[in-house]
Amino acid sequence: MIEEALVETKAGAATGTVAAPALLLLDTVVSGSEDRMSTGLAELDRVLGGGLVAGSLVLLGGEPGIGKSTLLLQMLLELDRGGVPVVLVSGEESPAQVKMRARRLAEGTGGLRLLPETQVEKVVASLERDSVSVCVVDSVQTLWTPEVGGAAGSVSQIREATGHLLRVAKEHNVAVVLVGHVTKDGFLAGPRVLEHMVDVVLAFEGDRAHSYRLLRSVKNRFGSTNEVGVFQMGTRGLEGVPDPTSLFLEDTEPSSGSAIVASVEGSRCLLAEIQALVVPSGLAVPRRVGRGVDRNRMAMVAAVLTRKVGLRLADQDVFVNVAGGLTLEDPASDLPLALAIASSLQEKQVPAEVAAFGEVSLTGHVRYAAQGGKRLQELVRRGFKKVWLPQRNLQEAREQGIVAPGVELLPVLELREAVKGVLV
Ligand code: TYD
Ligand code: MG
């Protein structure tokens with residue numbers, strides 16, 4: 001420790017000989033607007049914040065087989081069709097394999113060029129020589145450089161390779177999209193470090209059992225995060241789903257233990273079904289198992305139901321599932337989650353035309369939910385007739401002049417009232 005400190009002091013003293021750089025007056029800096037390209041895929045554009053920014057570095061993460069290569073090949077084909085010079089660096093698949101996929105996706109492959117190469121110096125040399133505006137690297141885990149040790153895919157290799165690409169992206173104004181494989185339990189296999197290096201991190205998610213895929217922005221220097229794009233995988237690649245609600249509510253059947261959730265994901269509101277099953281537990285510590293909901297939130301909601309609403313959950317196992325494999329991150333899902341659990345315990349249905357949203361606090365109160373107007377709009381559009389919402393949201397809706405013709409808006413202050421009111 002001490003030795004390190006000494007070395008640092010010496011290094012600091014040495015910098016005294018370096019000429020001090022001039023300071024820049026921010027006022028004199030010309031702010032250019034970002035040079036954005038539409039990818040030709042509306043759902044991808046939405047998640048990127050309006051399109052691909054020239055000279056940016058984007059990381060697309062997702063489990064193997066989710067459709068990363070398909071999505072990006074479609075993007076390249078669209079960009080090429082629009083006259084943008086593109087190249088696909090393919091270290092994972094042979095040119096013949098890429099060609100086979102391309103044949104499923106489009107009639108021809110136009111001017112799309114391929115670089116079957118994994119050594120990053122060679123990739124960089126190609127990007128410096130050839131005129132390219134968008135480059136996809138599939139995948140970053142196949143890249144390697146002789147500069148550092150370790151096999152391709154190791155943290156040091158990935159970091160070094162990305163560093164090279166970052167430089168060439170900025171210097172030559174090339175938008176570089178990196179594919180990164182994700183392991184089941186975490187983000188990119190190994191290098192979380194990449195998240196800090198790149199401008200945009202996108203996560204491609206989905207459920208093997210379903211054909212739709214969600215594209216989320218986890219980080220975006222040029223747009224908002226938490227934006228969601230929805231796609232459906234078909235026989236000819238991925239197709240954008242502009243109205244995903246119909247997808248998630250497809251086969252909902254009103255029954256006890258089911259409630260509708262209006263969750264705001266990025267700039268849009270998605271409706272989905274949340275299901276709960278409450279069964280007597282044989283365990284000393286009853287189970288709280290959730291899929292698509294945060295475990296801690298679920299345990300908290302169950303605890304509030306026990307303590308503040310007086311439900312007997314202490315000796316019951318609680319299982320929760322969000323239909324369709326959607327993952328809810330919106331705290332306003334608390335209220336429908338609580339209703340689903342109470343509904344299962346009491347074996348009383350939440351009527352089909354009823355929806356609710358709001359965050360539940362430990363005190364048993366239902367708190368204000370952001371973007372209430374958006375939620376109401378979507379619920380009205382889908383034909384819900386009664387919406388239970390936090391009192392402040394009702395106030396806000398009135399102030400904003402949000403009209404919901406034919407829809408009864410019921411304000412809730414405490415979770416207890418909502419449980420009593422909904423489950424009659
Ligand atoms: P892929 O893009 O190879 O996934 P990743 O690059 O994330 O590993 O897509 C894999 C799956 O998608 C594969 O199981 C085949 C399927 N698929 C279709 O269903 N339709 C299509 O048109 C294409 C190209 C792929
Ligand atoms: Mg792939």
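Residues numbered from 1 in each chain as written. Chains lettered and ligands numbered in written order. Predicted model: local features only at pLDDT ≥ 70, side-chain atom pairs only at ≥ 80, totals over all residues. Heavy atoms only, no water.

A. Structural detail: the site of ligand 1. Residues in close proximity to ligand 1 total 15 residues, the closest being Gly65, Ser69, Thr70, Gly234 and Gly237. Interatomic distance of 3.0 Å between a backbone N/O atom of glycine 67 and an oxygen atom of ligand 1. One of the backbone N or O atoms of lysine 68 is found 2.8 Å from an oxygen atom in ligand 1. Where the shell around ligand 1 is concerned, the elements lending two or more residues are helix 3 (68-81), helix 4 (95-105) and strand 10 (228-234). Looking at the shell around ligand 1 element by element, the count peaks at three residues for helix 3. Looking at the shell around ligand 1 residue by residue, the classes come out as three nonpolar, seven polar and five charged. (Near = heavy atom within 4 Å. Polar contact = N/O pair within 3.5 Å; in protein donor to acceptor, adjacent residues only side chain to side chain. Helix = DSSP H or I, 4+ residues; strand = E, 2+ residues; numbered from the N terminus. Nonpolar A, V, L, I, M, F, W, Y, C, P; charged D, E, K, R; others polar.)

B. Here's a closer look at the domain arrangement of the protein. Entries for the protein in the domain assignment read domain 1 (34-241) and domain 2 (246-422). Spacing between the C-alpha centres of domain 1 and domain 2 amounts to 37 Å. Every contact between the two is made by 14 residues of domain 1 and, on the other side, 12 residues of domain 2. Roughly 1100 Å² is buried in total at the junction of domain 1 and domain 2, and carbon and sulfur atoms are behind 45% of that figure. The interface formed by domain 1 and domain 2 holds four residue pairs in polar contact (both at pLDDT 80 or more) in total. Of all elements in the fold, only helix 2 (42-48), strand 9 (212-220) and strand 10 reach the threshold of two or more residues within the side of domain 1 that touches domain 2. Broken down by class, the residue content of the side of domain 1 that touches domain 2 amounts to five nonpolar, four polar and five charged. (Domains from an automatic or database assignment. Contact = heavy atoms within 4.5 Å. Buried area = accessible area lost by both parts, 1.4 Å probe.)

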